[in-house]
Amino acid sequence: IEVDNDIFAYYSQENDKDEKNGRGALILKESQNTIICYWDNNNMKGDGVEYDKDWNVVAEGPFENGNINGVGMRIFEDGTKYEGLFIEGKMEGEGSYTFKDGSRWDGPSVKGKKEGNGMFTNPDGTKVPVEYKDDKRVGEEEEKEEEKEDSPYDDCGNYYGWDKVEQWTDEA
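Residues numbered from 1 in each chain as written. Predicted model: local features only at pLDDT ≥ 70, side-chain atom pairs only at ≥ 80, totals over all residues. Heavy atoms only, no water.

1. Re the packing of aromatic side chains
The following threshold applies: Each pair of aromatic rings taken from Phe, Tyr and Trp, with Trp reduced to its six-membered ring, is defined by centres within 6.5 Å and is described as stacked if the planes are under 30 degrees apart, edge-to-face if over 60, and tilted in the remaining cases. Elements are defined by DSSP. Helices are runs of H or I of four residues or more, strands are runs of E of two residues or more, and each kind is numbered from the N terminus. The buried label goes to any residue with under 20% of its type's maximum accessible area, the exposed label to any with over 50%, and the partly exposed label to all in between, with areas taken from a 1.4 Å probe on protein chains only.
The full count for this structure, using the stated rule, is six aromatic pairs. Here the aromatic rings of Y82 and Y97 are separated by 4.9 Å at their centres, their planes lie at 55°, and the arrangement is tilted. Of this pair, Y82 sits in strand β9 (residues 81–87) while Y97 sits in strand β10 (residues 90–98), placing them 15 residues apart in sequence. Judged on exposure class, the residue Y82 and its partner Y97 are both buried. Measuring from ring centre to ring centre gives 4.8 Å for W105 and Y132, while their planes differ by 65°; the resulting arrangement is edge-to-face.

2. Examining the side chain of T80
The following threshold applies: Here a residue-residue contact requires only that any non-hydrogen atoms of the pair lie within 4.5 Å.
For T80, the position within the fold is in the loop between β8 (70–75) and β9. Those residues in contact with T80 that sit more than four places away from it in its chain are R74, I75, Y97, T98 and F99.

3. Quick look at the pairing of strand β6 (residues 57–64)
Threshold: Whether two strands pair comes down to DSSP finding at least two bridges between them.
Sheet topology places strand β5 (residues 43–51) next to β6; seven bridges connect them, and they run antiparallel. Counterpart to D47 in the pairing with β6 is P62. Counted along the chain from β5 to the antiparallel partner β6, the turn is five residues long, and its residue W55 has a positive phi close to 65°. Note: β6 against strand β7 (residues 67–68), two bridges, orientation antiparallel. The residue bridging E64 from the neighbouring strand is N67, located in β7. Between β6 and β7, which pair antiparallel in sequence order, lie two residues; one of them, N65, sits at a positive phi of approximately 55°.

4. Notes on the layout of surface pockets
Heads up, the condition is: The rule is simple: put a 1 Å grid over the protein atoms alone, call a set of points where a 1.4 Å probe fits but cannot get out a cavity, call an open set with protein on both sides within 12 Å along at least five of seven lines a pocket, and count a residue as lining if it has an atom within 4 Å of a point. Grid points are joined across faces, edges and corners, and a volume is the space filled by probe spheres set on the points. For this scheme, ten residues count as nonpolar: Ala, Val, Leu, Ile, Met, Phe, Trp, Tyr, Cys and Pro. Four count as charged, namely Asp, Glu, Lys and Arg, and the remainder, Gly too, count as polar.
A volume near 780 Å³ is recorded for the largest pocket. Listed by contribution, the elements that provide at least two residues to the lining of the largest pocket are β4 (34–40), β5, β6, β7 and β8. The residue makeup of the lining of the largest pocket, split by class, is twelve nonpolar, ten polar and nine charged.

Written out as structure tokens, the structure is:
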């Protein structure tokens, strides 16, 4: 049975209008991911889990109309894990992003992107207030430019040396 270009694999019961009800699984054509959750009159509704094609959990939370709606979790292809509020499948409001290196950003998201002031925790546990705008860290480009100006390396990481080398001597 096909549902909105996705393949519906299983559901526990139908009503007299051939609507899906009860626990069911939806296999997504494009990603080959499988969502297992409850159905109510052809709509996903209630707690569910999304698995990738290798059966690794990639999302958990309350599903509604095919999207996570409410507090849930998603793991992205790069290994980043988001835990927080979702609205229509997009990260919205307060949440936490945990990155593969163990660092973490706690702060707001708007329409699926990091947006606003939050707290960045480095892998060593040190915390730094950080602002994001449109999913990009504010000031990051300026920091890179400052590092570049004070470096004997070019943009490709090749060493080109300092113009002068000062020698220090101890005068007793």
